[in-house]
Amino acid sequence: MQTLQTKYAGLTLRNPIIIGSSGLTNTVDKIKELERAGAGAVVLKSLFEEQILMQSEHLLKEAESYPEAYDYVREYVKSNDIKSYIDLISDAKKYTSIPIIASINCYEKGSWADFAQRIEFAGADAIEINILKISTDIEEKPGEYEQLHIDILKEVKSKVKIPVTLKLGQRFSNIVGVVNQLKANQVDGVVLFNRFYQPDIDIHKMQFTSGTVFSCSSDFSNTIRWIGIVSGKVPNLNLAASTGIHEPETVIKAILAGASAVEICSILYQHGNGIISQMLTVLEEWMTEHGFSSIDAFKGILNFKNVPDQSYYERVQFMKYFSNRD
Ligand SMILES: Cc1cc2nc3c(=O)[nH]c(=O)nc-3n(C[C@H](O)[C@H](O)[C@H](O)COP(=O)(O)O)c2cc1C
């Protein structure tokens, strides 16, 4: 009998479609809708370190003239923002039955790691950590950015027992090495990749502006490259493919390359929840056509493990496609 069940980060998902962290998952009603539409799991909208700090700064300005109120306000704002997040987790757990993955978006080690404990107590099935740091410090040494990821993982792992996953950005000198280090430090799953904010410039107003918010399908080629390489090089680690998954066929490609699940976001904003059932139908039909009864039966069969020399492979592809072009 055919099943779409998959294991990801210690969780059993009814199918590999996870809804990525975003405004799509910031209320219980939206999560219920996503469950009805067929989602295998959801990652909640992130709790942002900056968001909490900015709000407390605003109120702190008002409390500035009352020194005795200053600390109180700071703690009040922090715990209230956290409280609504905690309520979202516990309500989502109460009213839905798919796994609920909480998300923390951070940029440094520190006090926020305590939030992880509260998230666990609220009943979240796992925590996804999104380290959104753009290194601009000229004194920062090569390797410090990578070490930050390891240190943050260790800190969160020391606080909670639920699975902890990391959603990585695309800018590492050696993604395979970083993922291998994360695995050595007990990461439960890795998401490749997060999509950073895209800046642009308005030449008429001559000012910075926001670039395209949503990904496009061509972004997937980078995702599939690294899912394929990492799953071949770092065995026995659950990967979720993310960024550029727009067509139903892409889900199949991601699993063939080695992903246990996919995280989708932009396509849902653009086309609505109906894409989830389309993806599941295409996946089921394809599995039937090719005689696969489970996700595990074809997961990773096209990863880079089967290529004798990966760098040679990359170079040959480059030579083949670009050297002969006039
Ligand atoms: C409108 C919007 C809001 C997002 N908010 C978050 C967020 O709060 N936390 C986070 O980790 N990722 C956030 N993301 C990133 C997505 O979860 C996802 O990693 C990224 O968009 C790549 O997937 P996609 O190509 O399917 O869109 C957001 C993306 C979009 C488009």
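About the cut-offs
- Residues numbered from 1 in each chain as written.
- Predicted model: local features only at pLDDT ≥ 70, side-chain atom pairs only at ≥ 80, totals over all residues.
- Heavy atoms only, no water.
- UniProt positions renumbered as here; feature names shortened; annotations may be inferred.
- Helix = DSSP H or I, 4+ residues; strand = E, 2+ residues; numbered from the N terminus.
- Buried < 20%, exposed > 50% of the residue type's maximum accessible area, 1.4 Å probe, protein only.
- Contact = heavy atoms within 4.5 Å.
- Areas by Shrake-Rupley, 256 points an atom, 1.4 Å probe, with all protein chains shown as cover.
- Expected span 1.5 Å × (residues − 1).
- Near = heavy atom within 4 Å.
- 1 Å grid on protein atoms, 1.4 Å probe; cavity = no way out; pocket = protein on both sides within 12 Å on 5 of 7 lines; lining within 4 Å.
- Sits in = over half its atoms within 2 Å of the grid points.
- Nonpolar A, V, L, I, M, F, W, Y, C, P; charged D, E, K, R; others polar.
- Points joined across faces, edges and corners; volume = space filled by probe spheres on them.
- Polar contact = N/O pair within 3.5 Å; in protein donor to acceptor, adjacent residues only side chain to side chain.
- Salt bridge = Lys/Arg side-chain N within 4 Å of Asp/Glu carboxyl O.
- Right-handed = clockwise from strand over helix to strand, strands pointing away.
- Pairing = 2+ DSSP bridges.

- Identification of the protein chain as Diguanylate cyclase from Coprobacter secundus subsp. similis is taken from an unreviewed UniProt entry.
- Under the Cofactor (unreviewed entry) heading, UniProt states for the protein chain: "FMN".
- As stated in UniProt under Pathway (unreviewed entry), the record for the protein chain gives "Pyrimidine metabolism; UMP biosynthesis via de novo pathway."

1. As for the overall build of the protein chain
Here comes step 1: A tally of regular secondary structure across the protein chain gives eleven helices and 13 strands.
Here comes step 2: Every one of the 326 residues in the protein chain was classed for burial, and the buried ones make up 48%.
Here comes step 3: In the protein chain, 70% of the contacts between residues at least 6 apart in sequence involve partners at least 24 apart.
Here comes step 4: Summed over its atoms, the accessible surface of the protein chain is roughly 16900 Å², and 52% of this surface lies on carbon and sulfur atoms.

2. A closer look at helix α5 (residues 144-159)
Here comes step 1: The terminal C-alpha atoms of α5 lie 23 Å apart, and with 16 residues this matches the ideal 22 Å at 1.5 Å per residue to within 8%.
Here comes step 2: Taken residue by residue, α5 has Tyr145, Glu146, Leu148, His149, Ile150, Ile152, Leu153 and Val156 as its buried positions.
Here comes step 3: Those residues of α5 hidden inside the fold are in contact with β6 (100-106), α4 (113-121), β7 (126-131), β8 (164-168) and α6 (175-184).

3. As for the site of the ligand
Here comes step 1: Taken together, 20 residues form the shell around the ligand, and within it Ser21, Ser46, Asn130, Ser215 and Ser266 come nearest.
Here comes step 2: Summarising the interface, the protein chains cover 90% of the accessible area of the ligand, which totals 610 Å² for the free molecule.
Here comes step 3: Counting atoms within 2 Å of the grid points, the majority share of the ligand lands in the largest pocket.
Here comes step 4: Class assignment for the residues of the shell around the ligand results in six nonpolar, eleven polar and three charged.

4. Overview of the layout of surface pockets
Here comes step 1: Taken as a whole, the largest pocket holds about 700 Å³ of empty space.
Here comes step 2: As for the largest pocket, its lining consists of 34 residues, and the residues nearest its centre are Ser21, Asn194, Arg195, Val213 and Cys265.
Here comes step 3: When residues of the lining of the largest pocket are traced back to their parent elements, those giving at least two are β13 (261-264) and α9 (266-271).
Here comes step 4: Here the lining of the largest pocket takes three residues from α9, the largest share from any one element.
Here comes step 5: For the lining of the largest pocket, a count of residues per class yields twelve nonpolar, 18 polar and four charged.

5. Quick word on the environment of Thr243
Here comes step 1: Mapped onto the fold, Thr243 is located in the loop between β12 (239-242) and α8 (248-257).
Here comes step 2: On the accessibility criterion, Thr243 (8% relative accessible area) is buried.
Here comes step 3: Sequence separation between Thr243 and Phe220 is 23 residues; the distance between their C-alpha atoms is 6.0 Å.
Here comes step 4: Every residue in contact with Thr243, bar those within four places of it in the chain, is listed here: Gln170, Phe193, Asn194, Arg195, Ser215, Asp219, Phe220, Thr223 and Glu263.
Here comes step 5: At a separation of 2.8 Å, a polar atom in the side chain of Thr243 contacts the main-chain carbonyl oxygen of Phe193.

6. What about the pattern of salt bridges?
Here comes step 1: In the structure shown here, the tally under the stated rule is eleven salt bridges.
Here comes step 2: Asp29 is paired through a salt bridge with Lys32; the nearest N and O atoms lie 3.9 Å apart. Taken together, the residues span about one helical turn, with Asp29 and Lys32 both in helix α1 (residues 28-37) at a distance of three residues.
Here comes step 3: The class of Asp29 is exposed, set by a relative accessible area of 54%.
Here comes step 4: The partner of Lys133 in a salt bridge is Glu140, with the nearest N and O atoms 3.0 Å apart.
Here comes step 5: Relative accessible area serves as the criterion here: at 25%, Lys133 is assigned to the partly exposed category.
Here comes step 6: In this structure Glu140 comes out as buried when scored by relative accessible area, which is 18%.

7. Section: the side chain of Ser22
Here comes step 1: Here Ser22 is to be found in the loop between β3 (17-19) and α1.
Here comes step 2: Among the polar contacts made by the side chain of Ser22, one reaches the main-chain carbonyl oxygen of Gly20 at a distance of 3.2 Å.
Here comes step 3: If we ignore the near neighbours within four places in the chain, the residues touching Ser22 are Val43, Lys45, Cys265 and Tyr269.

8. Looking at the pairing of β7
Here comes step 1: Counted residue by residue, β7 has six buried out of six residues, so it is predominantly covered.
Here comes step 2: Burial along β7 is two-sided: the face carrying Ala126, Glu128 and Asn130 and the face carrying Ile127, Ile129 and Ile131 are both buried.
Here comes step 3: Read from β6 through α4 to β7, the crossover connection turns out right-handed.
Here comes step 4: As paired strands, β7 and β8 are joined by four bridges and run parallel to one another.

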